[in-house]
Amino acid sequence: MAHEDCTLTPSVPVTGFVDGYGNLCERLIAPPGEFTFSRSADVSTPGGIDVSPGAPFHLVQNLPDEVLTYLLPSRYCESDQFTDLGWNLVDGVEPGYDQVARIVEWIRSSVRFNPYSSNFQMSAVEVNRQREGVCRELAHLGIALSRSLCIPARIVVGYLHELMPMDFHAWFEAYVGGRWYTFDATQDAPRGGRVAVAYGRDAADVAIFNQFGPALYPKAMQVRVEMFESRP
């Protein structure tokens with residue numbers, strides 16, 4: 001990150017920490033009344049994303065310790081409920097990257113991405129039943145299906161350049177071929193220009209903010225992403 005600005009109105013003390021997934025977090029006590037939080041940043045990010053058809057599957061006993069948690073069922077990704085569907089979808093597909101790519105292809109053709117959907121905070125089981133959802137719901141389904149095949153998968157939230165309509169965005173990553181690869185069922189082709197903000201097991205780990213105690217829902221949130229050419 002080249003530059004970052006943060007403004008709180010009214011100003012209050014803020015402390016930082018790193019959570020169990022490596023995300024930089026901040027905590028504060030919001031005062032009574034109207035409270036405004038504004039943050040801007042200049043970030044260097046690749047214009048494309050890596051793809052690797054044929055990247056191999058890893059047996060569980062050979063996975064690094066730090067990715068094992070991303071094999072387990074979680075609040076929004078009930079992977080233990082998707083074993084039959086997962087294996088049916090990838091029948092005859094080479095284990096690893098190609099299986100995840102097949103899952104994403106199936107989600108794109110079978111589940112309607114609707115950024116204006118009234119369905120909210122659905123788990124993978126629910127979105128599979130509704131066959132409609134916003135970006136995070138499609139990510140939950142991709143994660144659950146990947147984990148059902150013993151492929152570690154995690155959610156990523158952040159920003160995507162030229163996303164329409166512009167908003168906070170979610171996608172997922174799968175661990176194959178010795179590294180994490182990006183998958184996004186809301187896009188019909190691999191796209192870069194992504195700014196990752198947080199990683200976790202599912203949306204419960206990566207909320208843009210958590211509030212505790214009585215509070216009103218935010219009045220408004222404005223998101224803007226602009227591309228600038230890097231300078232030597």
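Before reading further, recall that the structure is shown in the block above.
Residues numbered from 1 in each chain as written. Predicted model: local features only at pLDDT ≥ 70, side-chain atom pairs only at ≥ 80, totals over all residues. Heavy atoms only, no water.

**A word on the packing of aromatic side chains**
For the structure shown, the criterion picks out 7 aromatic pairs. Ring geometry for Tyr 70 and Trp 180: centres 5.5 Å apart, planes at 90 degrees, overall edge-to-face. Taken together, the residues span a long stretch of sequence, with Tyr 70 in the loop between β4 (36-42) and α1 (83-89) and Trp 180 in strand β9 (residues 179-183) at a distance of 110 residues. What makes Tyr 70 buried here is its relative accessible area of 4%. Taken together, a centroid distance of 5.4 Å and an interplanar angle of 75 degrees make the contact between Tyr 175 and Trp 180 edge-to-face. Per residue, the accessibility class of Tyr 175 equals that of Trp 180, and both read buried. Of the aromatic side chains, those joined through ring pairs into one cluster are Tyr 21, Tyr 70, Tyr 175 and Trp 180. (Phe/Tyr/Trp six-rings, centres within 6.5 Å; stacked < 30°, edge-to-face > 60°. Helix = DSSP H or I, 4+ residues; strand = E, 2+ residues; numbered from the N terminus. Buried < 20%, exposed > 50% of the residue type's maximum accessible area, 1.4 Å probe, protein only.)

**Some points on helix α4 (residues 135-148)**
The end-to-end C-alpha distance of α4 is 20 Å, a good match for the 20 Å that 14 residues give at a rise of 1.5 Å each. Judged by how many residues are buried, α4 sits mostly within the fold: 14 of 14 residues are covered. Residue Cys 150 follows α4 closely and has a positive phi angle near 65 degrees. (Expected span 1.5 Å × (residues − 1).)

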